[in-house]
Amino acid sequence: MTTKTASLYDWVDERLGLSELAAFARHKTVPVHAQSFWYYWGGISLFLFLVQCFTGVLLLVYYRPGAEAYESVRQITFVMHFGWLIRSAHAWTANLFIFAILVHMFSVFFMKAYRKPREFGWLSGMALLGIASVFGFSGYLLPMDELSYFATKVGLEIPAAIPWIGPAIANMLRGGPEVGEFTVQRFFALHVVVLPALFLPLLGFHLWLVQRHGNAAPPSVEALPPAERKSIPFMPNFLRKDLAMWLISLNVLALLASVFPWTLGHQADSLVPAPAGIHPEWYFMSPFEMLKLLGNVLPGESGEIAGILLFTLGIGLWVFIPFFDIKKESGQRGRAAHYFGLLAVFALLATTVIGYWTIR
Amino acid sequence: MSDQIVLGEPIDLSQSTHLKLIAEDPGEVTTRRFFLASAGAAGLLYTAALAYPIYRYLASPEEMALSATAVTEVTLKDAEKLPLGSVLMFKFGTAPAMLIHHADGRWVSLTAVCTHLGCTVQYEPQADRIHCACHGGVYNPYTGANVSGPPPKPLKLFKVAVNEAGVEVSRA
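Here the structure is a predicted model, which is why all the values come from computation and not from measurement. (Residues numbered from 1 in each chain as written. Chains lettered and ligands numbered in written order. Predicted model: local features only at pLDDT ≥ 70, side-chain atom pairs only at ≥ 80, totals over all residues.)

(A) Up close: the overall build of chain B. Across its full length, chain B carries two helices and 10 strands. Residues classed as buried in chain B amount to 16% of the 172 residues present. Across chain B, the fraction of contacts at a sequence separation of at least 24, relative to all contacts at a separation of at least 6, is 36%. (Helix = DSSP H or I, 4+ residues; strand = E, 2+ residues; numbered from the N terminus. Buried ≥ 20, exposed ≤ 12 C-beta atoms within 10 Å, placed from the backbone. Contact = placed C-beta atoms within 7 Å.)

(B) Structural detail: the domain arrangement of chain B. Domain assignment breaks chain B into domain 1 (18–69) and domain 2 (73–171). For domain 1 of chain B and domain 2 of chain B, the distance between their C-alpha centres works out to 50 Å. (Domains from an automatic or database assignment.)

(C) Examining the domain arrangement of chain A more closely. All names here are of chain A. Its domain assignment divides chain A into domain 1 (35–270) and domain 2 (279–360). On a C-alpha basis, the centroid separation for the pair domain 1 and domain 2 is 21 Å. When contributions to the side of domain 1 that touches domain 2 are tallied by element, the ones reaching two or more residues are α5 (83–110) and α6 (119–141). The element contributing the most residues to the side of domain 1 that touches domain 2 is α6, with seven residues. When its residues are assigned to classes, the side of domain 1 that touches domain 2 shows 15 nonpolar, two polar and four charged. (Nonpolar A, V, L, I, M, F, W, Y, C, P; charged D, E, K, R; others polar.)

(D) Region of the structure containing the sheet that holds strand β3 (residues 95–101) of chain B. Residue and element names in this part refer to chain B. The six strands lie next to each other as β1-β10-β9-β4-β3-β2, forming an open sheet whose pairing is antiparallel. In the strand order of this sheet, the two ends are held by β1 (73–77) and β2 (86–92), each with one partner. Each neighbouring strand pair of the sheet contributes to a mean axis angle of 25 degrees, computed without reference to strand direction. With five bridges joining them, β1 and strand β10 (residues 166–171) adopt antiparallel strand pairing. Of the residues in β10, the one forming a bridge with Leu76 is Val167. (Pairing = 2+ DSSP bridges. Axes fitted to C-alpha atoms, helices over the stretch in contact; angles between N-to-C directions.)

(E) How the structure looks around the packing of α6 of chain A against helix α10 (residues 181–213) of chain A. All names here are of chain A. Axis separation between α6 and α10 bottoms out at 9 Å; the angle between their running directions is 160 degrees. With respect to α10, the element α6 is oriented roughly antiparallel. Both α6 and α10 take part in a crossing whose hand is left-handed. By residue class, the composition of the contact of α6 with α10 is 18 nonpolar, nine polar and no charged. (Parallel < 35°, antiparallel > 145°, perpendicular 65-115°, else oblique. Left-handed = near helix turned anticlockwise from the far one by under 90°.)

(F) Spatial organisation of the pairing of strand β4 (residues 107–111) of chain B. All names here are of chain B. Of the pairings in the sheet, the one linking β3 to β4 comprises five bridges and is antiparallel in character. Counted as the bridge partner of His101 is Trp107 from β4. When β4 meets strand β9 (residues 157–163), the two strands line up antiparallel, connected through two bridges. Pairing of Leu110 across the sheet is with Leu157, part of β9.

(G) Highlighting α10 of chain A. Residues and elements named next belong to chain A. The first and last C-alpha atoms of α10 sit 46 Å apart over 33 residues, in line with the 48 Å expected at 1.5 Å per residue. Most pronounced at Pro196, the bend in α10 amounts to some 40 degrees. Where α10 is concerned, the buried positions are Thr183, Val184, Phe187, Phe188, His191, Val192, Phe199 and His206. Those residues of α10 that are buried are in contact with α3 (40–60), α4 (69–78), α6, α7 (146–155) and α9 (166–174). Two residues or fewer after α10 comes Gly214, characterised by a positive phi angle close to 75 degrees. (Expected span 1.5 Å × (residues − 1). Bend = angle between axes of the 7 residues up to and from the residue.)

(H) How the structure looks around the interface of chain B and chain A. Each partner contributes to the interface: chain B provides six residues, whereas chain A provides eight residues. Residues of the side of chain B that touches chain A, tallied by class, amount to four nonpolar, one polar and one charged.

(I) A look at α7 of chain A. All names here are of chain A. With respect to burial, α7 is a largely interior element, seven of its 10 residues being buried. Glu146, Leu147, Ser148, Tyr149, Ala151, Thr152 and Gly155 are the residues of α7 that are buried. Those residues of α7 that are buried lie in contact with α6, α8 (157–160) and α10.

(J) The arrangement of the sheet that holds strand β6 (residues 129–131) of chain B in detail. Residue and element names in this part refer to chain B. The four strands lie next to each other as β5-β6-β7-β8, forming an open sheet whose pairing is antiparallel. Pairing within the sheet leaves two strands with one partner each, and these edge strands are β5 (122–124) and β8 (146–148). In this structure, β5 lies alongside β6, joined through three bridges in antiparallel fashion. Looking at β6, one finds that Glu124 is bridged to Arg129.

(K) Expanded view of the confidence of the model for chain B. All names here are of chain B. Chain-level statistics for chain B give a pLDDT mean of 86 and a share of 85% at 70 or above. Taken element by element, chain B is modelled with least confidence in helix α1 (residues 18–22), mean pLDDT 49, and with most confidence in strand β7 (residues 138–139), mean pLDDT 97. Considering only residues more than four positions removed or in separate chains, one finds that residues 1–11, a stretch of pLDDT under 50, has 15 contacts. Below a pLDDT of 50 lies the segment residues 16–20, which in the model reaches three contacts outside its immediate sequence neighbourhood of four places, other chains included. (pLDDT = per-residue confidence, 0-100.)

Structure representation (structure tokens):
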């Protein structure tokens, strides 16, 4: 550094405390073990979120909510140069984003990284996943083509099934009794203003907690004496690998978005019957199929209510797992939670497969 | 990294004493430089591959407007019925323009964009002038000449041809 840049650095450092940050970054380490690969998935999710912000703003340049929604998406896809690519990238990233979050969540679950002192990390992560799925649901309607119309119609039947207050909630979300231009307008407000305003501070909190507690090692590694635990410095070793993963994600995304461009269906029309083989996106397939299977056993309203109760129970157990599966003094692994996790993975995969198998 | 990737002339180590001072293995230095150069080039390629579609995407309306400004002639249907002492505002390509039917029966067509800061100007028949409300610029309604106020240049005149089908306005 020349003296000029050194004195500029000192000037800024005195006011912002850069050297404290630099010292913190120098001391940060990441554990190395057989499961280290899973550490990248939080970073991949973060990268995909940034891609969503970026491509989302680009779509915002031409998108018009309300009555003109379909026409504006048609214009983006077929008239504006590379508009198809940007829309395709946004849609593909949405799917990859949910996928990366799910991988991240299950790896955290099986590494038992939600245990003390990381309970808030788990809880904020679950909230972020919840918001991400509302992002997905609200964004899906915005093009207002046939598929998005029916997906929203069907999706809003789930809150509508809640006893007593359900219909009022569904009407509030829908902006009236039917999915239409008012629905697009309020889903748009939700998608680009309300959800980001909730997501960003929560994401900041989530990332701050990771800095505070560091990466959790799985119980098998934690059981080792300190001398046998391996780690690498975050700066630059892990960061370099992290960025390499981002680059790989970008390449995968670029390939998917350009080779399999996202399609745009016909304009939504409530008088045209739902197209054959219509089905939910893969990340909603499992709950959809579970409700369908339950409906076969318990037909009618009792099935709907039982389904909502069962979901609430399952999700509640999952979200509050840090308080059930606490660290044992004896260093035991907590098998019940482990089997619960395996059961959840099995149920999700099985119902998803059945769902796709039975598309008519 | 292997030291097989060596650019330039092979260096005879036995005769080069300077290089030994810089690094033990000159091949390593060249390899490192080669690696950095290719990483930089790849980075540039990535940036270009991302920036180009985004630029074209954002520039789309500009390109559409360009094809619209390529217009050299506009036919205004039924404009021949325009009463004396009145004006018809229309778009020549993408830019506002005006067709004035003067009280003496003369037809004049001009751009309607003030040459000062781009506001749309107004024809005032009672004052017999073209006025810009933004900063008080005044133009001659027959020639487009800038008469007073801040406008630096006159308004451009178009050629006008009147027939039974309408009024044809074209670039002079």
